[in-house]
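Single-letter residue listing:
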Amino acid sequence: MGGEWVLTLALGESKSSFNMEKAVCNHGFFMMAPNRWSPSAKTLQRPLRLADGASSVTVSISHSPLHSHLLYIRVLLQSPSKGLSLSDSNAILEQVGRMLRITERDERDVREFQKVHPQAKERGFGRVFRSPSLFEDAVKSILLCNCSWARTLKMAEALCKLQFEVTENHVHTIRRTTSSTSNKDLKRKRAKSKASTDDDDSQIVGNFPNAREIASLDNSYFLEKYTPILGYRAKHILSLAKDFESGKLNGLEEAEKAAEEVLHHEEMIMIMKNIRGFGPFVCANVLMCIRIYENVPADSETIRHLQQVHARKNCNKKTIQKEVKEIYDKYAPFQCLAYWMELLEYYEDKFGKLSELPESSYKTISGSRLKFDH
């Protein structure tokens, strides 16, 4: 029988500008596994990593109704007597702070953006939801490319199922699947493992895999099993995991940690251009996740948006970058935030508040939206 351990995270300077609902439900990432948003409780639930980077626990994050300066983080533990170590608690708090952008630097960005775009303050916009890790942000940005939103959601779910298999010590079986175990047998094993948690609706099966978990898998197994699900993205994700794990991409992580320094997006783009699967769309999304907001992630949805909202009827793939600059450069260095706020407003006018939608409706949000990222 498990138990619950409660952590609190002080909002500090973010207290006056922070709204849990608006901080989470403003980017498609919040709809992607393993995230689960509860519209009624205004609570975000998902697995987070402990300090060892391998173990995960399920947490529920909510804004205290009685203490507006605090977030409550309820941690579900398998053993109630064990509790959480200080290092594990700090690891969880750091991941929550990253997802919800609760740092002094993030708060400065919110305030500075709202100065150049007064409507953002009226709407309480300035934080764009992201993942607990840069690696998860990068992989999910790849999953956004060249496919429907419904398929993107399915691909994220598939990767979380993979992570569950890895952590359940199935790797030795999985690696032999093509030669000694049928796909039907493997599905039965996974179903049996999952059944042990089905009696608890709050349990999330599988975290999002980290770089080490993917990089440690047998290459042929991963590509053979996940290419049908992920398409060409499978080889890019495998390559990305190996690059992160080898330290080849330390520059990206160092850029994110340079909270007090001015980050130059040109330098970051040069690093990203050498990453397999990182076209302009993925680069712009990842830059946004490390607090560089100068690049608008341009895709077919951006063309649609400029045609409908900004009356740029002739906007196309060839002219999009020029027209984006003409419209959004007045908000520099927060062009991406200005665009994202408009896009969010468009979706909510069309579908209703994203924070109030049932999970079953997520796949309908952007229909057949495609991202040209080659």
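Positions within a chain are numbered from 1, following the residues in the order the chain's sequence is written. At least 70 in pLDDT is required for a residue's local features to be given in this predicted model, at least 80 for side-chain atom pairs to be given and counted, and no such filter applies to totals for whole chains, interfaces and linings, which use all residues. Side-chain metrics rest on all non-hydrogen atoms present in the structure, leaving aside hydrogens and water.

The name recorded for the protein in an unreviewed UniProt entry is DNA glycosylase, from Trema orientale.

(A) Seen up close, helix 3 (residues 104-116). Strands here are runs of E lasting at least two residues and helices are runs of H or I lasting at least four, both read from the DSSP assignment and numbered beginning at the N terminus. Between the first and last residue of a helix there are one fewer steps than residues, each counted as 1.5 Å, and that sum is the expected span. The terminal C-alpha atoms of helix 3, which comprises 13 residues, lie 19 Å apart, in line with the 18 Å expected from a rise of 1.5 Å per residue. Only protein chains enter the calculation, and the probe is 1.4 Å; a residue is then buried if its accessible area is under 20% of its type maximum, exposed if over 50%, and partly exposed in between. The set of residues buried in helix 3 consists of Arg105, Asp106, Glu107, Asp109, Val110, Phe113 and Gln114. Working rule for contacts: check all heavy atoms of both residues, and any pair within 4.5 Å makes them a contact. Those residues of helix 3 that are buried lie in contact with helix 4 (118-123) and helix 18 (335-351).

(B) The layout of surface pockets, seen in detail. Its volume calculated, the largest pocket comes out at about 1100 Å³. What lines the largest pocket is a set of 37 residues, among which Gln95, Pro132, Ser133, Leu134 and Glu253 lie closest to the centre. Elements represented by at least two residues in the lining of the largest pocket include exactly strand 3 (43-49), helix 2 (86-100), helix 5 (134-143), helix 6 (149-167), helix 10 (211-215), helix 12 (233-246) and helix 13 (250-257). The nonpolar class holds Ala, Val, Leu, Ile, Met, Phe, Trp, Tyr, Cys and Pro. Asp, Glu, Lys and Arg form the charged class, and all remaining residues, Gly among them, are polar. For the lining of the largest pocket, the residue count by class is 15 nonpolar, eight polar and 14 charged. Counting the residues that make up the lining of the largest pocket, at least three belong to each of domain 1 (3-100) and domain 2 (133-172 + 205-262 + 269-275). The definitions used throughout rest on a 1 Å grid laid over the protein atoms alone, on which a cavity is an enclosed set of points accommodating a 1.4 Å probe that cannot get out and a pocket is an open set flanked by protein within 12 Å on both sides along at least five of seven lines; lining residues are those having an atom within 4 Å of a point. Grid points are joined across faces, edges and corners, and a volume is the space filled by probe spheres set on the points. Segmentation into domains, and thus their bounds, comes from an automatic or database assignment.

(C) Quick peek at empty space enclosed by the protein. A full pass over the atoms with the stated rule returns two cavities of 30 Å³ or more. Put simply, the second largest cavity is a space of about 70 Å³. Every residue along the wall of the second largest cavity is listed here: Ser17, Phe18, Asn19, Lys22, Ala23, Val110, Gln114, Gly124, Phe125, Gly126 and Arg127. Counting residues per element, the ones that place at least two in the lining of the second largest cavity are helix 1 (20-24) and helix 3. Broken down by class, the residue content of the lining of the second largest cavity amounts to four nonpolar, five polar and two charged.

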